[in-house]
Amino acid sequence: MAAAAAAVGGRYFCTAGRGLEPFLEREVRAKLGATEVECISGKVFFSTEAAPGELRKLKCGERLFLLLKKHAALAVCRNKGKMLHDIKSLFIEEAKYWWDVLSIWRSLHGCEGKKDDVSQENPSPLKRKSEEETDTAAKRQKTEQVGETVSEEHETEAGGRRVVPEDCQCESETSLEGSSKSSGEKAIANEQLNFSFRVSCRCSGAIAKVVTSQEIGRAIGVALMKQCGWRADLRDPDLEIFVHLNDVQSVVGLPLFRLPLANREYIKTAGLRSTVAWAMASLAAISAGAFVLDPMCGLGTILLEAAKEWPEACYWGADISDSQLEGADVNIRTAGLMDKIELLKASVKALPLPSESFDAVISDIPFGKKFKITKDIQVLPDILQEMERLLRVGGAIVLLLSHDLHKRMDDITECAERDSPAAISDGTSESTTAKALHADENSSFPAFSSSFLLD
């Protein structure tokens, strides 16, 4: 019952995009008063007494889980049967253990019935706009015909597959009959008959070379059906069980909310990933009364995230594209931030704004990994010069850069340092602080890069 006891104490973990773990770590400490914080690649573990409503306010995390089990990595052997047996042993507990876990989960979930107060749509992770517009109806129809188990919720921005064990239905019926007959309490039997679940499994490293996520999920699913009398349900389960096995550790958790934390109800059309936009805005140290500019705002995601988190500042967005500005305007109206964010059509090379009028400039430079470096990169020095012109003394520039673009930026600043000795001074308030996020070459999420100074 150690896991259940830990759960009562409020032990959680939250998944994060690669490079965003430090931001999430700071956020859980600041917003939730979290203790026992442990930060590893892709996850942040922490303890808190915060209520679910406060947990929902996390902006830099992907999905939030109630932690059930956390063990060292399983010993890997070539025998697939033994590996599956060892994995299933993580779940072999008395039935009372799982009902206790469910009681805790429901208490945190704020529900006694089947669903909570959030949308019942599939809790697969947010995707970029191009991915979101795929035919979800066709996906669901195809999924219903598949007879396998489930794989995990998100790997950066790629959605994981979820399928049901092919032997679930017949085995579930058999095990449920046995469970009902052996149970002396009809209420418990009915609960078992009505309670559904699915397993979301993510497997990586050495263990993935022996068994697949589908095989692991199937084995766990069948074991839980026999043990607890639950039935498998891919599309609309009462409970999702998350399993992540790799070379570092084995983790089991229950998602607290049906939708990812990264799902922003106030963003109608997705652009830059919301978690990344929030992290960028957090670097700018926005204060009350500050003026903040995104000179290449696109659909306005950075401005939306900043205005929601720091509403006492004033925000401006510029873009040369009519379609992008139209999308940004729709997002701003959806978020109810018309009085906080102003938009204008203008080129980033010549913005019709007075010099030294902004305390922060934040932007996702639209070159590099997503857009590929083209001849347009030649205007980068002009863009940086215009940003610096608009910035007040002591202001901050925060940019999202690809690795290639980050190297170009280093070259530009090195040239500036050679041309202007003041640019390599002691970094007093007379200089402008610039911070960069650069996209990891193996991930669509950014990794934090060192700061540099512009004269």
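Residues numbered from 1 in each chain as written. Predicted model: local features only at pLDDT ≥ 70, side-chain atom pairs only at ≥ 80, totals over all residues. Heavy atoms only, no water.

1. Regarding the overall build of the chain
Along the chain, the regular secondary structure elements total 15 helices and 18 strands. Burial analysis of the chain (455 residues in total) assigns 52% to the buried set. Total accessible area on the chain stands at roughly 20,300 Å², and carbon and sulfur atoms take up 50% of it. (Helix = DSSP H or I, 4+ residues; strand = E, 2+ residues; numbered from the N terminus. Buried < 20%, exposed > 50% of the residue type's maximum accessible area, 1.4 Å probe, protein only. Areas by Shrake-Rupley, 256 points an atom, 1.4 Å probe, with all protein chains shown as cover.)

2. Considering the pattern of salt bridges
Counted by the stated rule, this structure contains 17 salt bridges. Across the salt bridge formed by E25 and R29, the nearest N and O atoms sit 3.4 Å from each other. With E25 and R29 both in helix α2 (residues 21–32), this residue pair falls four residues apart, about one helical turn. Across the salt bridge formed by D329 and R333, the nearest N and O atoms sit 3.0 Å from each other. Residue D329 and its partner R333 are located together in helix α13 (residues 322–335), separated by four residues, close to a single helical turn. (Salt bridge = Lys/Arg side-chain N within 4 Å of Asp/Glu carboxyl O.)

3. Some thoughts on helix α11 (residues 274–283)
The periodicity of an α-helix, 3.6 residues per turn, causes residues three or four places apart in sequence to face the same way. Most of α11 sits out of view: nine of its 10 residues are buried. Turning to α11, its buried residues are S274, T275, V276, A277, W278, A279, M280, A281 and L283. Following α11 by one or two positions, A285 adopts a phi angle in the positive range, close to 50 degrees.

4. Topic: the environment of F65
Relative to the helices and strands, F65 is located in strand β4 (residues 64–72). For F65, a relative accessible area of 0% gives the class buried. Spatially, the C-alpha atom of F65 lies 9.5 Å from that of F45, the residues being 20 residues apart in sequence.

5. With respect to the pairing of strand β13 (residues 341–345)
Alignment of strand β12 (residues 314–319) against β13, held across five bridges, turns out to be parallel. Paired with Y315 across the two strands is I341, which belongs to β13. Where the polypeptide runs from β12 across α13 and back to β13, its parallel neighbour, the crossover connection is right-handed. (Pairing = 2+ DSSP bridges. Right-handed = clockwise from strand over helix to strand, strands pointing away.)

6. Some points on the nonpolar core
Of all hydrophobic cores here, the largest spans 89 residues; its most connected members are F46, W230, I241 and I286. The element that contributes the greatest number of residues to this core is helix α5 (residues 95–109), accounting for eight residues. (Core = buried A, V, L, I, M, F, W, Y, C linked by side-chain atoms within 4.5 Å.)

7. Points about the packing of aromatic side chains
Given two aromatic rings, their pairing is described by the distance between the two centres and the angle made by the two planes. Within the structure shown, the criterion is met by eight aromatic pairs. By the ring-pair criterion, three or more aromatic residues cluster together here, those being F13, F45, F65 and F242. Its end group placed over the ring of F23, R26 keeps NZ or CZ at 4.9 Å from the ring centre. Above the plane of the ring of Y266 lies K308, whose end atom (NZ or CZ) is 4.9 Å from the centre. (Phe/Tyr/Trp six-rings, centres within 6.5 Å; stacked < 30°, edge-to-face > 60°. Lys NZ or Arg CZ within 6 Å of the ring centre and 35° of its normal.)

8. Points about the side chain of T301
Relative to the assigned elements, T301 resides in helix α12 (residues 301–309). Once you skip the residues sitting within four places of it in the chain, T301 turns out to touch I267, G271, L272, S274 and A277. (Contact = heavy atoms within 4.5 Å.)

9. Concerning helix α14 (residues 380–390)
When we look at burial in α14, the residues that qualify are L380, I383, L384, E386, M387 and L390. Angularly, the buried residues of α14 cover 160 degrees about the axis, an arc narrow enough to put them on a single face. (Arc of directions from axis to C-beta.)

10. Details of the packing of α11 against α12
For the pair α11 and α12, the least separation of the axes is 8 Å and the interaxial angle reads 65 degrees. At the point where α11 passes α12, the crossing takes the right-handed sense. Residues S274, A277, W278, M280 and A281 of α11 form the contact with α12, whose own contacting residues are T301, I302, E305, A306 and E309. (Axes fitted to C-alpha atoms, helices over the stretch in contact; angles between N-to-C directions. Left-handed = near helix turned anticlockwise from the far one by under 90°.)

11. What about the sheet that holds strand β10 (residues 249–255)?
The eight strands lie next to each other as β2-β3-β1-β4-β10-β9-β7-β8, forming an open sheet whose pairing is mixed. Two strands lie at the open edges of the sheet, namely β2 (35–40) and β8 (231–232), each paired on one side alone. Together, β7 (196–203), β8 and β9 (239–245) form the strand contacts of helix α10 (residues 213–228), whose direction differs from that of β7 by roughly 150 degrees.

12. Overview of the pairing of strand β14 (residues 358–364)
For β14, a buried count of five out of seven residues is recorded, marking the element as mostly surrounded by other parts of the structure. Note that strand β11 (residues 291–294) and β14 share two bridges and pair parallel. Bridging from a neighbouring strand, L293 pairs with V361 of β14. Pairing geometry for β14 and strand β15 (residues 391–402), over six bridges, is parallel. Looking across to β15, one finds that F358 is bridged to L391.

13. Some points on unusual backbone geometry
Positive phi values are uncommon outside glycine, yet E36 reaches one of about 50 degrees. For E36, the position within the fold is in strand β2. The backbone phi angle of E356 is positive, close to 50 degrees, even though this residue is not glycine. Considering the arrangement of structural elements, one finds E356 in the loop between β13 and β14.

14. Concerning the environment of E21
Relative to the assigned elements, E21 resides in helix α2. For the pair E21 and C60, spaced 39 residues apart in sequence, the C-alpha to C-alpha distance is 8.4 Å. Residues within four places of E21 in sequence aside, it is in contact with A16, C39, I40, S41, G42, K43 and V44.

15. Overview of the confidence of the model for the chain
Any residue range with low pLDDT should be treated as having predicted coordinates unsuitable for detailed reading. Counting all residues, the mean pLDDT for the chain is 74, and 66% of those residues have values of 70 or more. Here residues 421–432 is modelled with pLDDT under 50, and outside its nearest four sequence neighbours on either side it reaches 19 contacts, counting other chains as well. Low pLDDT (under 50) marks residues 438–455, which in the prediction has 76 contacts with non-local residues, meaning those over four places away or in another chain. (pLDDT = per-residue confidence, 0-100.)

16. Considerations on the environment of K80
Position of K80 among the secondary structure elements: in helix α4 (residues 80–89). For K80, a relative accessible area of 37% gives the class partly exposed. As a C-alpha pair, K80 and E215 span 135 residues in sequence and 9.7 Å in three-dimensional space. Once you skip the residues sitting within four places of it in the chain, K80 turns out to touch V210, V211 and E215.

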